[in-house]
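# What the coordinates show
Next come the chains, spelled out residue by residue.
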Amino acid sequence: MRPGEDGNIFVSYRRDDSADVVGRILDRLTESFGEDEIFRDIDDIPLGVDFKRFIEETVSAAELLLVVIGPDWNPPAEPGRARRLEDPNDFVRLEIEAAIVRDIPIVPILVRRAEMPDSEDLPESLRPLVLRNGIRIRPDPDFDNDVAKLVAWLSQRKPPTEEPGADAGQTKRPRGLLMAAAFAVLLVIAIGAIALLNSGGDSPEGAVAVPETVPETVPETVPETVPETVPETVPETVAVPDLAGVADPLTALGSAGLLADLTEALSISIAPGEPISQDPIAGTIVPPGSTVRVVVSSGGAETLLTDCISYNQSSLR
């Protein structure tokens, strides 16, 4: 994945902390979503480019950031050396900061029995990370089951399959009407030929007299009358409604003349089905029929992620 390409799942991790576990997790994600859907790290930054800007643009192209946290993800400070995340140019820090600033969903993944970091051990810009619900990937024999839960949750975020194209609903020209028209043309030609033969008076010698006949009337095929549709008056612009606390955001947006793109995310504070965020925000003026992206809560511990992390209450003070 490169800046400007469609992004999907960005995996952030430290090689000296969890490279082997991440390799196994990425194998399962690639099997489920394809290699093009997963971006694992930034080793091949082009020479001469601003690496900070490159990281920000690459993360911005993603739909989701998975942050793999092991026991050495943010080791304690040593004499003469601060914590790794205190470095403003640390790659992991830049990746998470880019996702937080752009409100990209972040899922912490704890491996090797690691715990969520305390808020005071993180730079100010990374402290929102401790409020994100995550999942624990345990070693074997629980590894497969835990990764299956992660894949199941990620699968819920995939867009629905496209409906058949408009060709399936196109109206075909009725064959019966065309056949009736062709028969009428042939009948007119036949009548003209008979009239031409009879207009010469006596039939020439050897000619066979053709009696005049009255052609049978062929009823015309009258197409059904389609009543004219009176166009409804559609406003040129509408205001995006505030969906906070709305139990049925789909209906609320439909009443406003807008479309909804619903996705789910875990939340320990928002009731299941209620919106967590919306884009555009409430009050934004948009054309009718515009799509509003809504992230709704899928619940907390009672969702697929039954092993979600219980956060250290002291980090929230």
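Residues numbered from 1 in each chain as written. Predicted model: local features only at pLDDT ≥ 70, side-chain atom pairs only at ≥ 80, totals over all residues. Heavy atoms only, no water.

### Observations concerning the overall build of the protein chain
Of regular secondary structure, the protein chain possesses six helices and 10 strands. The contacts in the protein chain between residues at least 6 apart in sequence include a share of 76% that link residues at least 24 apart. When the accessible surface of the protein chain is split by element, carbon and sulfur atoms take 54% of a total near 20,000 Å². (Helix = DSSP H or I, 4+ residues; strand = E, 2+ residues; numbered from the N terminus. Contact = heavy atoms within 4.5 Å. Areas by Shrake-Rupley, 256 points an atom, 1.4 Å probe, with all protein chains shown as cover.)

### Looking at the packing of aromatic side chains
We describe a pair of aromatic rings using the distance from one ring centre to the other and the angle between the two ring planes. All told, the structure shown has two aromatic pairs when counted by the stated rule. Centroid distance Phe 10 to Phe 39: 5.1 Å. Interplanar angle 50°. Geometry classified as tilted. Placement of Phe 10 in strand 1 (residues 9-12) and of Phe 39 in strand 2 (residues 38-39) is noted, with a sequence separation of 29 residues between them. Its relative accessible area of 0% is what places Phe 10 among the buried residues. Ring geometry for Phe 51 and Phe 91: centres 5.6 Å apart, planes at 40°, overall tilted. Placement of the pair is Phe 51 in helix 2 (residues 51-60) and Phe 91 in helix 3 (residues 91-101), with a sequence separation of 40 residues. Take Phe 51: its relative accessible area is 30%, and that puts it in the partly exposed class. Over the aromatic face of Phe 143 sits the side chain of Arg 24, whose NZ or CZ is 3.9 Å from the ring centroid. (Phe/Tyr/Trp six-rings, centres within 6.5 Å; stacked < 30°, edge-to-face > 60°. Buried < 20%, exposed > 50% of the residue type's maximum accessible area, 1.4 Å probe, protein only. Lys NZ or Arg CZ within 6 Å of the ring centre and 35° of its normal.)

### So, the environment of Pro 105
Along the chain, Pro 105 turns up in the loop between helix 3 and strand 4 (106-111). Under the relative-accessibility criterion, Pro 105 is labelled partly exposed at 23%.

### Topic: the sheet that holds strand 5 (residues 135-137)
Strand order in the open sheet made by the five strands is 2-1-3-4-5, with parallel pairing throughout. Unpaired on one side and paired on the other, strand 2 and strand 5 mark the two borders of the sheet. On top of the sheet, helix 1 (residues 15-33) reaches strand 1, strand 2, strand 3 (64-69), strand 4 and strand 5; it is set at about 145° to strand 3, its chief contact. Packing against the sheet, helix 3 makes contact with strand 1, strand 3 and strand 4, and its axis sits at approximately 145° to strand 3. (Pairing = 2+ DSSP bridges. Axes fitted to C-alpha atoms, helices over the stretch in contact; angles between N-to-C directions.)

### Details of helix 1
Helical geometry: 3.6 residues make up each α-helical turn, so side chains three or four residues apart lie on a common side. When the terminal C-alpha atoms of helix 1 are compared, their 23 Å separation across 19 residues is substantially less than the 27 Å that a helix rising 1.5 Å per residue should span. Of all the bends in helix 1, the greatest, near 40°, is centred on Val 21. When we look at burial in helix 1, the residues that qualify are Asp 17, Ser 18, Val 21, Val 22, Gly 23, Ile 25, Leu 26, Leu 29 and Phe 33. Contacts from the buried residues of helix 1 go to strand 1, strand 2, strand 3, strand 4, strand 5 and helix 4 (143-156). (Expected span 1.5 Å × (residues − 1). Bend = angle between axes of the 7 residues up to and from the residue.)

### Examining the nonpolar core
By size, the foremost hydrophobic cluster in this structure holds 25 residues, and its most contacted members are Val 11, Ile 25, Leu 29, Leu 66, Ile 109, Ile 137 and Leu 154. Among all residues touching Ile 109, those that are not within four sequence positions of it are Ile 25, Leu 66, Val 67, Val 68, Ile 69, Ile 135, Ile 137 and Leu 150. (Core = buried A, V, L, I, M, F, W, Y, C linked by side-chain atoms within 4.5 Å.)

### Some words on the sheet that holds strand 7 (residues 259-265)
Backbone hydrogen bonds hold the strands of a sheet together, and the pairing may be parallel or antiparallel. Here three strands make up an open sheet; going across it, the order is 7-10-8 and the pairing mixed. Of all strands in the sheet, those bounded by a partner on one side alone are strand 7 and strand 8 (275-279). Neighbour-to-neighbour, the strand axes of this sheet turn through a mean angle of 20°, independent of strand direction.

### Section: helix 3
Counting buried residues in helix 3 gives nine out of 11 residues, a clear majority hidden from the surface. Here helix 3 has its buried residues at Val 92, Arg 93, Leu 94, Glu 95, Ile 96, Glu 97, Ala 98, Ala 99 and Ile 100. Put simply, Asp 90 is the residue that caps the front of helix 3, since its side-chain oxygen is 3.3 Å from the backbone nitrogen of Val 92. Among the residues trailing helix 3, Asp 103 stands out with phi positive, at a value near 55°. (Polar contact = N/O pair within 3.5 Å; in protein donor to acceptor, adjacent residues only side chain to side chain.)

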